[in-house]
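Below, each chain spelled out in residue letters.
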Amino acid sequence: MVGPLGPPNLHPPFAPDEYAARLASVQRSMAERKVDLLIITEPENIYYMTGYQTVGSPEVQALMIDATDKSYFVTRQLEVSNASRSNLRTDQLEVYVDYESGISKLCNVIMRESPSIKTAGLEMTSRRLTAAQRQILESRLSCNFVDCSSLIPKHRLIKSPAEIAIMKRAAEICAAGVQAGLSSTVHMTESQIAGNIYHAMCEKGGEYPAYPPFVCAGRNGCIGHYTGSGHHALRDGDLLFLEIGGCFERYHAALMRSCYVGTALPQALAEAEAAVLKAMDTAKNLMRPGAVARDVDRAARRELEKVQGTMSLRSGYSIGIGFYPDWGEAEHFRMDPGSEQVFEEKMVLHLIPWLQLPDYGGVGLSDTVLITPHGAVSLFDRLVRPQIALIPPSLRQPFGPEESQRVRRVLKLEPTPLEKLHLEGLGSLFVKDESKRLGLQAFKVVGGAYAMLRFMCKRLALPMVEEHQDVSDVQRQYAERFGITTFVTATDGNHGRGVAWAAKTFGQKAVVYMPKGSALQRLQHVKDLGAEAEITDLNYDDTVEMAFAEGRKKGWVVLQDTTAPGYTEIPEWIMQGYTAMVQESLEAMEDFPSHVLLQMGVGSMAAAVVGHFSALRVSNGYRMPRFLVLEPKNAACGLESMRNDGKLTEVTGELDTMIAGLACGVPSSIAWPILREHVSAFVSVEDEIAGNGMRLLHRHGIEAGECGGAAAGLLEHIMSSNCQTATALREALALGADSQVLIINTEGATDPENYRLQLTLPHVKPRDGMLTFELGVLIAGRILRFRVLGIVVHTVEPSTIKVAGHKLQALAVGTLQSADVVRKEEEMQVDVVVSMKDIGGATEVASSGDCKVRLKHSPFELHFIVKDEVVQKLNSQHLLNFERQPHAGLVDATDVDSNDLFEVDQVVLSLTLEVSTYCQLYHDLTERLPESFGGHTDSKPRGPAGVGIDVSFEESRRALSQSALSSVQRRMRLTKFDQYDIPYDVLWLDIEHTDSKKYFTWHPTHFSQAGKLLDTLEASGRKLVTIIDPHIKKDTGYDVYKKMQSHDLFTKTKDKQLYDGWCWPGTSSYPDFCNPGARKLWTSFFRMDYYPHNRWEHLAISVPMLVSLCLCGASFVGADVPGFFYDPEPELFRRPDVRGTRSLPNGLMQELGSDILVRAISKAGEKSVDLYLQLV
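In this report, the structure presented in the accompanying data block is examined. These figures come from a predicted structure and were not determined experimentally.

This next bit is on the sheet that holds strand 29 (residues 740-745). One open sheet accounts for seven strands, arranged 20-21-29-26-27-28-30; its pairing is mixed. Of all strands in the sheet, those with a lone pairing partner are strand 20 (418-421) and strand 30 (771-775), marking the two edges. Across the sheet, the axes of successive neighbouring strands diverge by a mean angle of 20°, strand direction being ignored. Here strand 26 (residues 595-599) pairs with strand 29 via three bridges, running parallel. Each bridged residue has a counterpart across the sheet, and for His595 the counterpart in strand 29 is Val741. Each of strand 27 (626-632) and strand 28 (679-685) touches helix 19 (residues 671-678); the most contacted strand, strand 28, lies at about 110° to it.

Okay, here's the thing in structure tokens:
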């Protein structure tokens, strides 16, 4: 025995009576098994019986329970101090020191304390007792041994009320971790995300979980129990899979959640989400006492089978006490196809029907549930929404000048020539001649080499090198650690040649596959650089698939310039390499180009160029050129995608074309969004146009292959042809004598035989049918782009601002379908001159009539002006703060540069009302809006982020009865209203004012003195309305629920079962108001002595508030819907007709929308709602 313990007693997690009940129950089970002594070595079982815990791993540690009520415990001397926080007494403790044999000590203590035992129970599946130790026990103790591995766990499966309370606390801790994970941003590493999760759970009072958080970015979600790494970062288009266990007093509650980096779920993920949610709902309904686990598993599995993916091997398991390496009790109860175990009331399970999608990763929306007679009930109380959350895509500029400068330094590039040519009808033509690049006749070598070097640095867990002299050190370290890596790729020639050069330069190996029809000379170029290469009998896209398949099969690294699901990082690196030639071109040009003509295969090169210009616009304020993209007629995937409403579209078939480098059937998923937004026209061309261009450039002393010649040939055709199509394209792009055009000769004569042939052929005269085109977004001049109060003016240039009668309307040319606009373009009369000018820190858009819109830059304000009178202001109180710009922390609106606010592709001003109650600074502005404030988690994951914003009517701030609109985010303190002189008469409190989302209650800490609050507001002349809705939280400790249930007054299904719904409180029941008894009982809850609240007459003041909201362009109907239930239908945003309401100056409100007309429209199939601004 040991003496008194030094540290003070920290108290075990449960009352002595709880431990006594457990001991008595276990001893009854021992008696049934005729076990005289139970030897317990599993730490979870020791903890269950005593509260003892340690992370130490002594030689042996055991708790003995004797049938005669004697219990004693053996452990290493260092660990005995942990007993101070357990239910063990000092006279029960036996210790051994490090130089003693722990198993011998255990045998000696048992023989001394329990000398007459006949049968000993041993946990024969214990991970804490070795086979050798078991042999010693059996040889030294003169008794029979029986397997009691499940004796204590069967008791652990049924949770007591005290255990359930602790597990609910663990659920709150887990929810905090999940929210932290869902708040991740692009470019965070998996380890950073895990760190944030740990931090959030620890702040919530959690302790170390038995498992670390499983944080899996992208296809890592298909790796079993993958825990993340410090060098794998979250990227645009990734699916982030999380499985997190919150731990409190060693009890766990766990959740799986998935989130997608993007603005909308791909169809495959949306289908998987729906299937998983259906499987969850199906299982929860069936998980009742008496149900067989395999039957529930089968029902859930049937829902998962409806979509493509790998299903989980089990759909649930018991969860509770956990030490490493598991928080589950799956060995004692699990749901799988072979489990014949039966559910019992008060079991707690982690319900996990989930899917692994090979192209994305893991889709999991699990829950920790309590088994009740009515089915499984979540312990999380809807703390985390069951959905695939959306993480905003990155705002960074991956193809900007900093990256291109690094490419040039690291690869020590010398600029290739930029030739200035004369072409009839153009101001000037510049040709960037990439046929001179590194002696390899094409630009593509730069992308392949840069990507290979970045891969090597990442694998070494090093930052990308900044200077050329550092490259050799990377090569040396890589060779020491990994030897030679094989890089595989598919190519028509140029990209493969670049990869082969890079592999040779960096001491690696390259394998190159080429599509059928590839030139033999191009194949030889690749082989000459030491690569293995062959021409397949497949087209380009199928050859790419072959390269990926071989890479997976043989463990090679795929270095491809196009994307695949889960494969975007290397293609982006390749594109970054392409930006070097853009920067070189701009340094050599006399002025910024007005037009850039680009070739498109999968679009990587074109998007890299466009992306570079876009980044320059953001960083330096340069105007964007107009971009023209060309493709071969038989491989025009960009044009077809644009025709298909901008949706990425595949072109199938043989893709036969002389322009082999562009024979691609599917755009890159990275490239396409960039091209779709910025390209002015997509053009498909006949091969003859490429031949004309090859001959044209040859006459100017430039050697051009088919791809390079295609750009020159197309430009010549557009400028010289009188064909209808060419003329229309020329006019649409405003190509003329003032134009400065940049084209890129992407390759030299890499197929010498065809080059010689083309030079012998005559010029092909222009004719109809040689090209077709589809217009994209026309961008020219200074662009104004902003979003205000849900008003979305997509991309506006002065020339597109049109006037119909007395109404000014801003149109977005090329981005909207005719059915989307309120009034079709052709119906508008352009009879008024529109101007745009900068005036002393503001931008003003005006018509020649009476109307103006003035945008003040710093601090931000929006003024609506009629006859030089400001009639309405937005943000006149300067409440709006811009939260968490990248790398800038919190900044006030007064610190935001005007170029950042009103230039395209940078921080776009975006103030979106969550329809009526508060405003949100949208994801265009921040990489990720914080979802916690003052330590409290926002219950609306897609809810507010901004502080507040006001809309004022200048000469009549209180013209609308007693209320003017003030949309204020709920985190604002009430004192701010008076501080900023915001008029308000009515406060509305939604469900968050209650105690745990139980209506007719007040939150015990947030509103601990509800009566005083009501009196204070009453004294100030203000009223308070609290929301009471008829969805009653299912909670047996909730008085309203208990009373309604005891009187059988809840709505039932057609099968006479209690209707189980879901709303703000979580799982809910609904009073049957058709029943007079329900109405009578419901009325009783409104007694002032039962629930203190303002009286009904206070609702009357709310009417003018709602009217003022509508007058300002926001309907109150469905106000909270976007915050809780995704995006609402467009109907919820429509304004009522407010003719006849009290008018403002100049009679502006006498007609619907006459001051600021907001009309809601929505593209079919999209969640976003676009609202358009019109002025009188």
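Alright, that's what it looks like, and here's the rest.
What follows concerns helix 6 (residues 161-182). With 22 residues, helix 6 should reach 32 Å at 1.5 Å per residue; the first-to-last C-alpha distance of 31 Å fits that figure. Where burial is concerned, most of helix 6 is hidden: 16 out of the 22 residues are buried.

Once that is clear, we can look at helix 8 (residues 267-286). One turn of an α-helix holds 3.6 residues; hence residues three or four places apart share an orientation. If you check helix 8, its first and last C-alpha atoms are 29 Å apart, about what 20 residues at 1.5 Å a residue would give, namely 28 Å. Turning to helix 8, its buried residues number three or more, namely Leu269, Ala272, Glu273, Ala275, Val276, Ala279, Met280, Thr282, Ala283 and Lys284.

This next bit is on the packing of aromatic side chains. Overall, the coordinates contain 27 aromatic pairs when judged by the stated rule. Considering the side-chain rings of Phe1085 and Tyr1090, the 5.5 Å spacing of their centres and the 35° angle between planes classify their relative orientation as tilted. Owing to a relative accessible area of 23%, Tyr1090 belongs among the partly exposed residues under this scheme. Aromatic rings pair up to connect Phe1000, Trp1002, Phe1073, Trp1082, Phe1085, Phe1086, Tyr1090 and Tyr1091 into one cluster. One cation-aromatic arrangement involves Arg250 over Phe323; the distance from NZ or CZ to the ring centre is 5.0 Å. The ring of Phe482 is capped by Arg459, whose NZ or CZ atom sits 3.9 Å from the centre of that ring.

In this structure, Leu598 and Leu675 are the most contacted members of the largest nonpolar core, which totals 96 residues. Counting residues per element, this core draws most heavily on helix 11 (residues 444-459), at 10 residues. Leu598 has contacts with Met605, Ala606, Val609, Val610, Phe627, Leu628, Val629, Leu630 and Ile744, leaving out every residue within four places of it along the chain. Counting residues in hydrophobic clusters, the runner-up holds 73 residues, among them Leu88, Ile173, Ile319 and Ile321.

The two faces of a sheet get side chains in turn, since along a regular strand they alternate between them. Counting buried positions over the six residues of strand 21 (residues 428-433) gives six, a clear majority of the element. Examined bridge by bridge, strand 20 and strand 21 share four bridges and lie antiparallel to one another. Paired with Glu419 across the two strands is Val431, which belongs to strand 21. Between strand 20 and strand 21, which pair antiparallel one after the other, the connecting turn spans six residues, and Gly425 there sits at a positive phi close to 95°. As judged from the six bridges shared by strand 21 and strand 29, these two strands associate in the parallel manner. Within strand 29, the residue paired with Leu429 across the bridge is Val741.

Quick look at the pattern of salt bridges now. Tallied over the full model, the rule gives 49 salt bridges. The partner of Glu403 in a salt bridge is Arg454, with the nearest N and O atoms 3.4 Å apart. Note that Glu403 is positioned in helix 10 (residues 401-410) and Arg454 in helix 11, a separation of 51 residues in sequence. Judged by relative accessible area, which is 12%, Glu403 ranks as buried. With relative accessibility at 18%, the residue Arg454 sits in the buried group. Residue Glu688 pairs with Arg767 through a salt bridge whose shortest N-O separation is 2.7 Å. Placement of Glu688 in helix 20 (residues 687-699) and of Arg767 in the loop between helix 23 (752-760) and strand 30 is noted, with a sequence separation of 79 residues between them. Given the relative accessible area of 31%, Glu688 is considered partly exposed. On the accessibility criterion, Arg767 (37% relative accessible area) is partly exposed.

Now for the packing of helix 20 against helix 23. Where helix 20 meets helix 23, the closest approach of the two axes is 9 Å, and the angle between their N-to-C directions is 85°. Taken together, helix 20 and helix 23 sit at an angle that is classed as roughly perpendicular. Residue-level contacts link Gly691, Met694, Arg695 and His698 of helix 20 to Tyr755, Gln758 and Leu759 of helix 23. Classifying every residue of the contact of helix 20 with helix 23 by side-chain character gives three nonpolar, three polar and one charged.

Taken together, four strands build an open sheet; the order of strands is 24-23-22-25 and the sheet is parallel. The two strands at the open ends of the sheet, each matched to only one other strand, are strand 24 (532-535) and strand 25 (557-558). Relative to strand 23 (residues 509-514), strand 22 (residues 486-490) runs parallel, the two sharing five bridges. Its bridge partner lying in strand 23, Val488 is registered against Val511.

Note: strand 50 (residues 1032-1033) against strand 52 (residues 1066-1069), two bridges, orientation antiparallel. Paired with Ile1032 across the bridge in strand 52 is Ser1069. Relative to strand 52, strand 51 (residues 1061-1063) runs antiparallel, the two sharing three bridges. In the sheet register, Gly1061 faces strand 52, and the bridge partner there is Ser1068. Taking the residues that link successive antiparallel strands as the turn, the strand 51-strand 52 hairpin has two residues.

Close contact between helix 11 and helix 12 (residues 471-482) brings their axes to 10 Å; oriented N to C, the two are set at 55°. Relative to helix 12, helix 11 is oriented oblique. Helix 11 and helix 12 meet at a crossing whose hand is left-handed. Counted together, Leu453, Phe455, Met456, Cys457 and Arg459 of helix 11 and Val471, Val474, Gln475, Tyr478, Arg481 and Phe482 of helix 12 form the full contact between these two elements. Grouping the constituent residues of the contact of helix 11 with helix 12 by class yields eight nonpolar, one polar and two charged.

Let us look at the side chain of Arg257. Along the chain, Arg257 turns up in strand 9 (residues 251-261). Despite being buried, Arg257 has no salt bridge partner; Asp367 is the closest side chain of opposite charge, sitting 6.0 Å away. Of the polar contacts made by the side chain of Arg257, one reaches the backbone oxygen of Arg385; its length is 3.0 Å. Filtering out sequence-adjacent residues up to four positions away, Arg257 remains in contact with Val178, Leu182, Leu240, Phe241, Leu242, Gly364, Leu365, Ser366, Val384, Arg385, Pro386 and Gln387.

Our focus in this paragraph is the environment of Gly603. With respect to the element layout, Gly603 can be found in the loop between strand 26 and helix 17 (604-620). Looking at Gly603, the relative accessible area reads 1%, which means it is buried. Placed 61 residues apart in sequence, Gly603 and Cys664 show a C-alpha to C-alpha distance of 9.2 Å. With near-sequence residues (within four places) excluded, Gly603 lies in contact with Ala671 and Leu675.

Rules used throughout
Residues numbered from 1 in each chain as written. Predicted model: local features only at pLDDT ≥ 70, side-chain atom pairs only at ≥ 80, totals over all residues. Heavy atoms only, no water. Pairing = 2+ DSSP bridges. Helix = DSSP H or I, 4+ residues; strand = E, 2+ residues; numbered from the N terminus. Axes fitted to C-alpha atoms, helices over the stretch in contact; angles between N-to-C directions. Contact = heavy atoms within 4.5 Å. Expected span 1.5 Å × (residues − 1). Buried < 20%, exposed > 50% of the residue type's maximum accessible area, 1.4 Å probe, protein only. Phe/Tyr/Trp six-rings, centres within 6.5 Å; stacked < 30°, edge-to-face > 60°. Lys NZ or Arg CZ within 6 Å of the ring centre and 35° of its normal. Core = buried A, V, L, I, M, F, W, Y, C linked by side-chain atoms within 4.5 Å. Salt bridge = Lys/Arg side-chain N within 4 Å of Asp/Glu carboxyl O. Parallel < 35°, antiparallel > 145°, perpendicular 65-115°, else oblique. Nonpolar A, V, L, I, M, F, W, Y, C, P; charged D, E, K, R; others polar. Left-handed = near helix turned anticlockwise from the far one by under 90°. Lys, Arg positive; Asp, Glu negative; His and termini not counted. Polar contact = N/O pair within 3.5 Å; in protein donor to acceptor, adjacent residues only side chain to side chain.

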